[in-house]
Amino acid sequence: MSGQLHVEMLGGLRVWAGETPVLADPAYVRRPWHLFCYLLLNPGKALPAAALAATLWPHEALLDADTLMDELVEDLNHEFARVGAALQPVQEGPDGYTCNPDITWETDTTLFEQKLRLAAESGPEGRLRLLMDALELYRGELLPKMEAELWVAPLAIHYRQLFSAAAANCCQGLQDAGRHNELLAVASAATAVEPLEENLYLYLFQALDAMEMYRAIIPAYNRVARLFAEEFGHPPGDEIEAIHQKACTHVDPLDRDVLVIKDELRAAPAEDASDNAPLYCTYDVFKYLYQMVSRVVARSGGHVVLLLLTIDDGSGAKPSTRLLSSAMNQVKNAILGGLLRKSDTFTRYSLIQYLIMLTTDKPTGAATVEERIKARCQPMLAPAGLGLVLSTTQMEG
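What am I meant to see in helix α14 (residues 367-381) here?
Helical geometry note: an α-helix holds 3.6 residues per turn, so side chains three or four residues apart project in the same direction. Here α14 contains 15 residues, and its C-alpha end-to-end distance of 21 Å stays within 8% of the 21 Å for a straight helix at 1.5 Å per residue. Listing the buried residues of α14 in full gives V369, E370, I373, C377, M380 and L381.

Explanation requested: the sheet that holds strand β8 (residues 303-312) in the structure shown.
Consider a sheet: its strands pair through backbone hydrogen bonds, and that pairing is either parallel or antiparallel. With mixed pairing, the 5 strands of this open sheet are ordered in space as β7-β9-β10-β8-β11. Edge strands, defined here as strands with exactly one partner in the open sheet, are β7 (279-281) and β11 (387-395). Pairs of neighbouring strands in the sheet enclose a mean axial angle of 25°, with direction left out of account. The strands touched by helix α12 (residues 283-300) are β7, β8, β9 (345-350), β10 (353-360) and β11; relative to β10, the strand with the most contacts, the crossing angle is about 15°. Against the sheet, α14 makes contact with β8, β10 and β11, and its axis sits at roughly 160° relative to β11, the strand it touches most.

In this structure, what is going on with unusual backbone geometry? I would like to understand it.
Working note: non-glycine residues mostly have negative phi, and peptide bonds are mostly trans. The backbone of L143 sits at a positive phi, close to 45°, despite the residue not being glycine. Residue placement: L143 occurs in the loop between α5 (124-137) and α6 (152-176). With a relative accessible area of 2%, L143 lands in the buried category. In this structure, E212 is a non-glycine residue whose phi angle is positive, near 55°. On the secondary structure map, E212 appears in the loop between α8 (198-210) and α9 (214-231). A relative accessible area of 58% places E212 in the exposed class.

Please explain the pairing of strand β4 (residues 90-93) as it appears in this structure.
Along any regular strand the residues' side chains alternate between the sheet's two faces. Of the strand pairs in this sheet, β4 and strand β5 (residues 96-99) are connected by 4 bridges, and their pairing is antiparallel. The residue of β5 that forms the bridge with Q91 is T98. Turn length for the β4-β5 hairpin, with the two strands adjacent in sequence and antiparallel, is 2 residues.

When you look at the sheet that holds strand β1 (residues 3-8) in this model, what are you seeing that I'm missing?
In spatial order, the strands read β3-β2-β1-β6; together these 4 strands make up an open sheet with mixed pairing. Sheet topology places β3 (20-24) and β6 (103-107) at the edges, where each strand pairs with a single neighbour. Here the strands of the sheet are splayed against their neighbours by 20° on average, with no regard to which way each runs. Here β1 pairs with strand β2 (residues 14-17) via 4 bridges, running antiparallel. Across the sheet, residue E8 finds its bridge partner in β2, namely R14. Relative to the sheet, helix α1 (residues 31-41) contacts β1, β2, β3 and β6, its axis offset from that of β6 by approximately 85°.

Which parts of the structure should I look at to understand the packing of aromatic side chains?
Two measures describe an aromatic ring pair: the distance that separates the ring centres and the angle between the ring planes. One pass over the full model with this rule turns up 14 aromatic pairs. Here the aromatic rings of F36 and F80 are separated by 6.4 Å at their centres, their planes lie at 45°, and the arrangement is tilted. Linking F36 in helix α1 with F80 in helix α3 (residues 65-82), this pair joins segments that are 44 residues apart in sequence. Owing to a relative accessible area of 0%, F36 belongs among the buried residues under this scheme. The class for F80 is buried, based on a relative accessible area of 0%. Taking the centre distance of 5.3 Å and the plane angle of 75° together, the rings of Y283 and Y349 count as edge-to-face. With Y283 in helix α12 and Y349 in strand β9, this residue pair connects regions lying 66 residues apart in the sequence. For Y283, a relative accessible area of 31% corresponds to the partly exposed category. Taking the relative accessible area as the measure of exposure, Y349 reaches 42% and is therefore partly exposed. Between the NZ or CZ atom of R31 and the centre of the ring of W57, over which it lies, the distance is 4.5 Å.

Which parts of the structure should I look at to understand the pairing of β9?
As paired strands, β7 and β9 are joined by 3 bridges and run parallel to one another. Along β9, the bridge assignment pairs Y280 with F346. Pairing analysis gives 5 bridges linking β9 to β10, with the strands arranged antiparallel. When the bridges of β10 are listed, T345 appears paired with M357.

Help me understand a nonpolar patch on the surface, please; the structure alone is not making it clear to me.
A surface patch of nonpolar side chains, about 320 Å² in accessible area, is lined by Y288, M292 and V296. Looking at where M292 falls in the secondary structure, it is placed in helix α12. The exposure class assigned to M292 is partly exposed, which follows from its relative accessible area of 39%.

Parameters and conventions
Residues numbered from 1 in each chain as written. Predicted model: local features only at pLDDT ≥ 70, side-chain atom pairs only at ≥ 80, totals over all residues. Heavy atoms only, no water. Helix = DSSP H or I, 4+ residues; strand = E, 2+ residues; numbered from the N terminus. Expected span 1.5 Å × (residues − 1). Buried < 20%, exposed > 50% of the residue type's maximum accessible area, 1.4 Å probe, protein only. Pairing = 2+ DSSP bridges. Axes fitted to C-alpha atoms, helices over the stretch in contact; angles between N-to-C directions. Contact = heavy atoms within 4.5 Å. Phe/Tyr/Trp six-rings, centres within 6.5 Å; stacked < 30°, edge-to-face > 60°. Lys NZ or Arg CZ within 6 Å of the ring centre and 35° of its normal. Patch = residues over 30% accessible without salt bridge, like charges linked within 9 Å, V, L, I, M, F, W, Y side chains within 5 Å. Areas by Shrake-Rupley, 256 points an atom, 1.4 Å probe, with all protein chains shown as cover. Salt bridge = Lys/Arg side-chain N within 4 Å of Asp/Glu carboxyl O.

As C-alpha cells, then:
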C-alpha cells in the first residue's frame, strides 16, 4: 500500500504519515519501533526473522523469532491504523523483512547525509548554505532513547562525527567570509549539541570577540572552563584563554564578578534530574553529605556503602579523552534514569570514576544495585570497547 512517511531519528524518534503524527518522541520506545528504525537505517537488505532478532536483542534467547516478528509487524500496522493511516511500513518477502518499497520514505538521517554530500561538491557560497541546512537537521544524538542498544551505538557515533566535521567546516567558512553574526548562531547551536568540542567553542569566542561582545565572553568562558575542568581535568586552550583575557581588559573587575554570579545563579540546580532521580553533586558537597548521612544511619542501625564505578578499556588502561567523556555521560544519564533510589547520592570522583553513596538495612544490600548497574551499563559501553569495574566498601558509622 503506497503513501508517504516522514521519520526523524536525530534527537528523538518522530513519525508522520503525510501530515498526520503517528509517534512523537515517546519516553519509552517499544520493540515494534526498534524493528522499524533498524530496517530504515539499514536499507537495501532483507533479513530473516532469526537474524533480525539476534541483531536487535542479542542477549535474549528468543525461541520463536518468526512469531515475534509477525507480532511486531502487526503491532506496527496497528499503530498506523490507530491514527487513520492505512499503511504497512514493514513487509516480509522471500528473503526476509524490509521497509515497504511502495511507500515514499523521507528521513532526517538521509536528508542530513545528502546535504553533506552536495556541500562537498559545491562552491563556497552553496557549500555554506548546504552545511547550515544539514546542521539544522541534526537536533541531537541518533535515537537517544535507544542509545543502550548495541546496533544503535556505532550509527550514533557515525552521525555525531559527521555533525562535528560539518559544524567545524561551516564555522570556518563563515569566519573566512567575515559573517560573524551567523558564525555566532551556528557555533552556539553546535556547542549545545556537541558540548565537548573545543574547536567549536573557539569559533564561538572568536565571533564574540569580532563583534566586541566582551560582557558576553566573561560568563561564557566561566561556563566552558567549569565544563572542561570536570570533563577533561584542564582549562580551555590558549586561544580561548587569550580572548578571555582580552575581554577582561574591557570589563571592570566588579562587573566581571557580577556577570559570573548572575550566570551561575541562572544555571539549573540539578541538570537532567527528574523528581525521582538520585542526587548528583560535586565531590565537596558529597563529602559533607556523607558525614551527615553516616551519623543518621549509625543511630538507626543501618549501613552506608560506597560504590566506586570505574570505566576502562577492558585491560585496565584509561580510554581516550573523547571516548571517555561520551561514556561517562552515558553512565551518568543511566544512573539518573532509574538505577538508584531518590535517597541515594553520587558524584564524579575522577575523570574515569563515579562514587555512589547507598544506605542499606544490611551489609549486603548493595549487591542488587551492583547487578543493576552492570546489567544496564556493560552492554552500553561494550560497543566502544570499554569495561566497567565496580568496587564496594562498607563504611563504619
